[in-house]
Amino acid sequence: MSNNRSASTASAVVGLQWGDEGKGKLVDLLASEFDAVVRYNGGANAGHSVVVGGQRYALHLVPSGILSPGVLAVVGNGVVVDPERLLEEIKTLSERGVDTSAMVISDRAHVVMPYHKAEDALREELLSPAADSGPTQTKQVVSAIGTTRRGIGPAYADKVQRATAIRIGDLLNPEILRTKLEMICTLKNSIFSALHPGEPEQFDAYELTEQFSALGEQLRPMVKDTAYLLDDLRHTGKSILFEGANATMLDVDHGTFPYVTSSNASALGIGPGSGVPPQAVTRIIGVVKAYSTRVGGGPMPTELFDEVGDGIRTRGREFGTTTGRPRRVGWLDLVALKYAAMVSGATELCITLLDVLSGEPELRLATSYAMPSGDTDRFVADGILLGEATPNYETMPGFSEDITGARRFDELPANARSYIERIESFVGVPIRTISVGPDREQTIRR
Ligand code: GDP
Ligand code: IMO
Ligand code: MG
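Below, the structure is looked at part by part. (Residues numbered from 1 in each chain as written. Chains lettered and ligands numbered in written order. Predicted model: local features only at pLDDT ≥ 70, side-chain atom pairs only at ≥ 80, totals over all residues. Heavy atoms only, no water.)

## Describing the site of ligand 1
And step 1. Ligand 1 sits among 19 residues. The nearest are Lys-23, Gly-47, Ser-49, Asp-355 and Ser-435.
And step 2. One of the backbone nitrogen or oxygen atoms of Gly-47 is found 2.8 Å away from an oxygen atom of ligand 1.
And step 3. Those elements giving two or more residues to the shell around ligand 1 turn out to be helix H1 (23–31) and strand S3 (48–52).
And step 4. Sorting elements by how many residues they give to the shell around ligand 1 places H1 first, with three residues.
And step 5. When its residues are assigned to classes, the shell around ligand 1 shows four nonpolar, eight polar and seven charged. (Near = heavy atom within 4 Å. Polar contact = N/O pair within 3.5 Å; in protein donor to acceptor, adjacent residues only side chain to side chain. Helix = DSSP H or I, 4+ residues; strand = E, 2+ residues; numbered from the N terminus. Nonpolar A, V, L, I, M, F, W, Y, C, P; charged D, E, K, R; others polar.)

The structure is reproduced here in structure tokens:
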């Protein structure tokens, strides 16, 4: 590795809302222009749908680049990996005829263990409304996050705790793994038995060592130091595309905390999650749904509770790729979007699911918030305070044409073009891609 030699720059696809913006579709569309597609954050909480030739694939831990032959699919150190799920996903893809031989996993990625999933579920149950009626009757400030229960938060918490963490590299060394797990299981069992007195000990270090060493052996051929790998790629003129999981509004530092995920799900997570320095990433494509959706708890100022929202949910098939939960639906929030574009440093935007808005007589865009302290055009990056925001809307005329066949910007109805141009002028970032359907071809490049 040398900093003196010139290195190629990298691009990124990152969600600018609360997830499910259509990142998978865009990554798949772009992947063949790159040598490697790299995941840097999140885990199996992500669900990226890709439709190729009428076939739908749902990717959770495997980078969406896997569907493009010859593209290296890299799971970076910032990802939390559930080895069993990852191996299952690879197997399912192989059975469907996808070549999965070009997969690499960082030895420094952290492992989601069974106790992480148990902790995730337990914490959610403790925070759910039924648990709010304890003897003190204290009103809960924070209710359930509505996590995917994939063990994401507890796995990242153990990473930051350090001593209680297991990394992919540890799975290749049974002696180290067993020693770590003996201490970890003692600790986890005592926490669980304090919460569930009288229940038998749940986690056995010996059994987990056996199970996870076996999983490690299956992963071994894919495990590498991906920081060096990515640096070598960049210094041999190869191009890299980062695939963000989750989204900017779910970023643990800059999203609607505490209703967020546990990683830097904005573009800011690329450096720590991959080992590629920030100045290397020169093109950042922010993906934005033409309206808003959110899964799980937390504030969403433009949420719709009426038949307009129901219509968008039905037409947009807004049900989670990972959990199948119905997604909450609302108008596009330009206050939040402009903030997200700022935080993620978006150099261009891709607007998706524009076709879903067809048939709405009016389209509304939130351009500022009414707060108890007065109006503001600044986003309130706090999941409790944001609950007090009432959006102020701008209304634009809608369009009723079927736009799924449009392939050029000038083929869109005038009202659809005006809607796109209004988003662009408000956010101040060019919209270079417009998606009008789930298929690769249903895309307009400007
Ligand atoms: P991701 O998590 O950001 O990759 O997004 P998901 O795959 O979870 O959710 C996006 C959904 O919208 C998927 O079912 C896609 O197939 C679908 N989709 C993507 N782009 C479009 C589009 O332009 N129009 C329509 N109707 N569906 C789309
Ligand atoms: P993709 O990559 C939508 C949400 C969950 C929950 C919160 C925390 O498909 O866009 P977690 O399990 O991460 O602890 O849950 O974050 N969430 C997502 N919502 N799309 C995602 O990923 C998400 N990843 C996490 O619903 O509200
Ligand atoms: Mg998704």
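Having seen the structure, we can now continue with the description.
## A few points about the coordination of the magnesium ion (ligand 3)
And step 1. At the metal site, the magnesium ion (ligand 3) is ligated by Asp-20 (OD) and Gly-47 (O), and these contacts range over 2.0 to 2.2 Å. Of this pair, Asp-20 sits in the loop between strand S1 (10–15) and H1 while Gly-47 sits in the loop between strand S2 (36–39) and S3, and the two are 27 residues apart along the sequence.
And step 2. A relative accessible area of 22% means that Asp-20 is categorised as partly exposed. (Donors = N, O, S within 2.8 Å, 3.2 Å for Na, K, Ca; no water. Buried < 20%, exposed > 50% of the residue type's maximum accessible area, 1.4 Å probe, protein only.)

## Re the sheet that holds strand S5 (residues 72–75)
And step 1. Strand order in the open sheet formed by 10 strands is S9-S7-S5-S2-S10-S1-S11-S15-S19-S20, with mixed pairing between adjacent strands. Strand pairing shows two members of the sheet lacking a second neighbour, strand S9 (223–224) and strand S20 (443–445), which therefore form its edges.
And step 2. As judged from the three bridges shared by S5 and strand S7 (residues 103–106), these two strands associate in the parallel manner. Across the sheet, residue Val-75 finds its bridge partner in S7, namely Ile-105.
And step 3. Against the sheet, H1 contacts S1, S2, strand S10 (240–243), strand S11 (281–289), strand S15 (348–352), strand S19 (431–435) and S20, and its axis sits at roughly 160° relative to S1. (Pairing = 2+ DSSP bridges. Contact = heavy atoms within 4.5 Å. Axes fitted to C-alpha atoms, helices over the stretch in contact; angles between N-to-C directions.)

## Structural notes on the site of ligand 2
And step 1. Close to ligand 2 lie 20 residues; Asp-20, Lys-23, His-48, Thr-148 and Thr-261 are nearest.
And step 2. At 2.8 Å, a backbone N or O of Asp-20 approaches an oxygen atom of ligand 2.
And step 3. With respect to ligand 2, the side chain of Thr-148 contributes an N or O atom lying 2.5 Å from an oxygen atom.
And step 4. When the free accessible area of ligand 2 is taken as 550 Å², the share hidden by the protein chains comes to 97%.
And step 5. In the shell around ligand 2, the residues fall into seven nonpolar, 10 polar and three charged. (Areas by Shrake-Rupley, 256 points an atom, 1.4 Å probe, with all protein chains shown as cover.)

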